[in-house]
Amino acid sequence: MELKRFRNYQELSEFVAGEIADSIKNKPSLVLCLASGDTPKLTVELLVNKINEEKIDRSKITFIGLDEWVGLPPTNSGSCHYFFKNNLIGPLQLMTSQYFLFDALADDLRNECLKMDKFINEKNGIDIMVVGIGMNGHIGFNEPGSSFDNLSHIIDLDEITRSVGQKYFNEKVELSQGITIGFKHLLNAKKVFLMANGSKKAEVIKKTVQGPVTEYFPASIMQQHENGFVLVDDDAASLLSNPD
Ligand code: F6R
């Protein structure tokens, strides 16, 4: 794992968007998995602009959504589905065969997990995974206590995730379960970028980078990834000892 520090959110996002764009140029059939949420918003915007402006071939890329709130329709503006449809899949005009997002309304959610695992395997794994970090150290919906061996799975959401998650919604919603790609896929991904910005993430970044590796603090798994990068702005790095 490597830590990289940026002056601010803009520079952090420009770096990640640039890395993804360059990777697509080198490998047009890139398999990209992204988290939604606030952190990667600017990255996604910059990436889409870059692909469009530089006319980068997007016809062979594959996109995978990291997770979803169980029970939410894709029309809910707080869903991951909604975010990706409107900000990435739509603007890049990806074909349906080019992406997979969990259907959080599926009758058989277990089968939805199997479909995701099969999709990832058929694509020979994820090339680049871009994740955020929750206030409890979660990645995706791999909540504290999640096994590092998990494939895609359904999980009861932690209290912190349920309350912090309200920020994505215009009105109060009942958030009880999530469906998520598990850590086995993260460990197998060829490259992982964990992004964090703002002082509210300083404590969890300190634990991620300088704390013990434990399933009780999920993001500590980054220390085990040989090609894992923890990318932070100055505010998120503010509690690190010897941050440089
Ligand atoms: C969202 C996801 C979550 C978020 C995390 C941080 O798809 O996977 O794990 O990355 O909760 O959220 P933000 O970026 O809103 O602080």
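Each remark here, short or long, concerns the structure printed above.
Residues take numbers from 1 onward in each chain, read along the sequence in its written order. Totals for whole chains, interfaces and linings use every residue, but because this is a predicted model, local features are given only for residues with pLDDT of at least 70 and side-chain atom pairs only at 80 or more, for both listing and counting. Hydrogens and waters are ignored; side-chain quantities use all the structure's heavy atoms.

Caption draft 1: Representation of unusual backbone geometry. One non-glycine residue, Lys 55, adopts positive backbone phi at about 50°. With respect to the helices and strands, Lys 55 occurs in the loop between α2 (41–53) and β3 (62–65). Any residue under 20% of the maximum accessible area for its type is buried, any over 50% is exposed, and the rest in between are partly exposed; the area is computed with a 1.4 Å probe on protein chains only. Accessibility expressed as a relative area gives 72% for Lys 55, which makes it exposed. Phi at Asn 124 takes a positive value of approximately 65°, unusual for a residue other than glycine. Helix and strand definitions follow DSSP, with helices as H or I runs of at least four residues and strands as E runs of at least two, each counted in order from the N terminus. Locating Asn 124 in the fold gives a position in the loop between α4 (109–122) and β6 (128–131). Its relative accessible area of 65% is what places Asn 124 among the exposed residues.

Caption draft 2: Structural view of the site of the ligand. Any residue with at least one heavy atom within 4 Å of a molecule or strand is counted as near it. The environment of the ligand is made up of 15 residues, and the closest members are Thr 39, Asp 67, His 138, Tyr 168 and Lys 201. N or O atoms closer than or at 3.5 Å make up a polar contact, with two conditions inside protein: a donor-capable atom paired with an acceptor-capable one, and, for residues adjacent in sequence, both atoms drawn from side chains. In this structure, an oxygen atom belonging to the ligand sits 2.4 Å away from a side-chain N or O atom of Thr 39. One of the side-chain nitrogen or oxygen atoms of His 138 is found 2.7 Å away from an oxygen atom of the ligand.

Caption draft 3: Structural detail: the sheet that holds strand β7 (residues 153–156). Taken in spatial order, the three strands line up as β4-β8-β7 in an open sheet, and their pairing is antiparallel. Here the strands that pair on one side only, and so sit at the sheet edges, are β4 (67–69) and β7. Adjacent strand axes in the sheet meet at a mean angle of 25° when their direction is disregarded. Across four bridges, the pairing between β7 and strand β8 (residues 177–180) is antiparallel. Each bridged residue has a counterpart across the sheet, and for Asp 156 the counterpart in β8 is Gln 177. DSSP calls a pair of strands paired once it identifies at least 2 bridges connecting them. Axis lines are fitted through C-alpha atoms, for helices just across the contact stretch, and the angle between N-to-C directions can take any value from 0 to 180 degrees.

Caption draft 4: Region of the structure containing the side chain of Glu 68. Mapped onto the secondary structure, Glu 68 falls in strand β4. When charges are tallied, Lys and Arg are placed among the positive residues and Asp and Glu among the negative ones, while His and the ends of the chain are skipped. One speaks of a salt bridge when a side-chain nitrogen belonging to Lys or Arg is within 4 Å of a carboxyl oxygen belonging to Asp or Glu. The side chain of Glu 68 is buried and forms no salt bridge, while Lys 85, the nearest opposite charge, is found at 9.9 Å. Apart from the residues lying within four places of it in its own chain, the contact partners of Glu 68 are Ser 79, Cys 80, His 81, Phe 102, Ala 104, Phe 141, Gly 178 and Ile 179. Here a residue-residue contact requires only that any non-hydrogen atoms of the pair lie within 4.5 Å.

Remember, this is a structural readout, not a statement about activity or role.
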